[in-house]
Amino acid sequence: MLNGKTAVVTGGSRGIGAAIAYKLASMGADVAVIYAGNRDAAESVCEKCKEDFGVKARSYVCDVADFTAVKDTAAKIKEDFGALHILVNNAGVTRDGLAAMMKEEDFDRVVDTNLKGAFNMIRHCIPLFLRSREGCIINISSVSGLIGNAGQCNYSASKAGLIGLTKSVAKEYAAKGIRCNAIAPGFIRTDMTEAHSDNPLLAMIPLGRMGEAEEVADAAAYLAEARYVTGEVLRVDGGIAM
Ligand code: NAI
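This one's a predicted model, so the numbers in the text were calculated from it and none came from an experiment.

A. View of the packing of aromatic side chains. Summed over the entire model, instances satisfying the criterion amount to one aromatic pair. Judged by centre distance (4.9 Å) and plane angle (55 degrees), the ring pair of Tyr22 and Phe53 falls under tilted. Linking Tyr22 in helix α1 (residues 15-26) with Phe53 in helix α2 (residues 39-53), this pair joins segments that are 31 residues apart in sequence. Here the basic side chain of Lys48 rests over the ring of Tyr22, its NZ or CZ set 4.0 Å away from the ring centre.

B. Representation of the site of the ligand. Around the ligand sit 27 residues in total, of which Arg14, Asn90, Tyr155, Ile188 and Thr190 are the nearest. Ser13 places a polar side-chain atom, nitrogen or oxygen, 3.1 Å from an oxygen atom of the ligand. At 2.5 Å, a side-chain N or O of Thr190 approaches an oxygen atom of the ligand. For the ligand, whose accessible area on its own is 830 Å², the fraction buried by protein is 93%. Counting only elements with at least two residues in the shell around the ligand, the list comes to α1, α4 (104-132) and α6 (153-173). Here the residues of the shell around the ligand sort into twelve nonpolar, eleven polar and four charged.

C. Representation of the pattern of salt bridges within the structure. According to the stated counting rule, one finds nine salt bridges in the structure shown. For Asp63, the salt bridge goes to Arg109, with nearest N and O atoms at 3.3 Å. Taken as a pair, Asp63 in the loop between β3 (57-61) and α3 (67-81) and Arg109 in helix α4 lie far apart in primary sequence, 46 residues in all. You can call Asp63 partly exposed: its relative accessible area is 34%. The exposure class of Arg109 is partly exposed, given its relative accessible area of 32%. Put simply, Arg209 and Glu215 hold a salt bridge, and the shortest N to O gap is 2.7 Å. Classification of Arg209 by relative accessible area gives partly exposed; the value is 46%.

D. The packing of α3 against α4, seen in detail. Where α3 contacts α4, the axes come no closer than 8 Å and their chain directions differ by 30 degrees. Judged by the angle between their axes, α3 and α4 are roughly parallel. Crossing of α3 against α4: the hand is right-handed. Where α3 approaches α4, its residues Phe67, Val70, Lys71, Ala74 and Lys78 are matched on the opposing element by Phe119, Asn120, Met121, Arg123, His124, Leu128 and Arg131. Class assignment for the residues of the contact of α3 with α4 results in six nonpolar, two polar and four charged.

E. Spotlight on the side chain of Ser158. If you trace the backbone, Ser158 turns up in helix α6. The buried category is assigned to Ser158, whose relative accessible area is 0%. A distance of 3.2 Å separates the side chain of Ser158 from the side chain of Asn114, its partner in a polar contact. Excluding its chain neighbours within four sequence positions, the residues that come into contact with Ser158 are Val110, Val111, Asn114 and Leu115.

Conventions adopted
- Residues numbered from 1 in each chain as written.
- Predicted model: local features only at pLDDT ≥ 70, side-chain atom pairs only at ≥ 80, totals over all residues.
- Heavy atoms only, no water.
- Phe/Tyr/Trp six-rings, centres within 6.5 Å; stacked < 30°, edge-to-face > 60°.
- Helix = DSSP H or I, 4+ residues; strand = E, 2+ residues; numbered from the N terminus.
- Lys NZ or Arg CZ within 6 Å of the ring centre and 35° of its normal.
- Near = heavy atom within 4 Å.
- Polar contact = N/O pair within 3.5 Å; in protein donor to acceptor, adjacent residues only side chain to side chain.
- Areas by Shrake-Rupley, 256 points an atom, 1.4 Å probe, with all protein chains shown as cover.
- Nonpolar A, V, L, I, M, F, W, Y, C, P; charged D, E, K, R; others polar.
- Salt bridge = Lys/Arg side-chain N within 4 Å of Asp/Glu carboxyl O.
- Buried < 20%, exposed > 50% of the residue type's maximum accessible area, 1.4 Å probe, protein only.
- Axes fitted to C-alpha atoms, helices over the stretch in contact; angles between N-to-C directions.
- Parallel < 35°, antiparallel > 145°, perpendicular 65-115°, else oblique.
- Left-handed = near helix turned anticlockwise from the far one by under 90°.
- Contact = heavy atoms within 4.5 Å.

Okay, here's the thing in structure tokens:
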């Protein structure tokens, strides 16, 4: 159980992030939900966590790609919750296109959000973990980062980069009691994949169906408590990338 722990979840207003925030709250953690724009959705996730599990929950608007905004938000979370123990870097975007046609801004936006955003959060949360003498970082990568995906060179690069970031941070901070792991989801049913429901790759999933956000949240719950696991990349993909 995670009673007495505080977790911050980026992109926690919907989809996989909302499911992770709710799951960690169900285990007793207080939750700080970071969202990009949809205040009502973020607030409703917090209300549900409070009502259903009696934990403390607050939402914070913050563009994770913005180094200074993340610094300020981490400071606010410390002020509001006192301590931090778990960070879930879930915020992510796609701007798909073939490499030769991709706009520079689409490459930058995806890498800035998915990869630099995770770095920004780690950079400003590690001092709080050091103060707590423990920390658990969970980076939401993707099977695209493991095996690539045509039309997603920006996204795949950002998600592969997240795996390198995960392993380096795991090595740097293991001695301080901070673990860092990644989850590589496959096709999960959320707003992000709505447009992909007829993707031919779906027929190649050995378990024969898309995954649910709650199934990724279950993996996050496992990693939050797996005290002897660090630097791991856990696929939650129905077997598509094995
Ligand atoms: P989603 O689009 O439903 O949710 C993404 C969340 O990130 C939203 O709450 C959005 O507001 C937030 N966000 C986006 N840019 C942000 C920024 N700059 N600052 C703060 N928050 C920001 O997507 P979904 O499907 O829930 O994905 C969550 C994570 O899981 C993403 O990192 C995605 O790449 C990853 N993933 C999703 C898969 C899927 O099949 N749905 C498969 C593999 C990985």
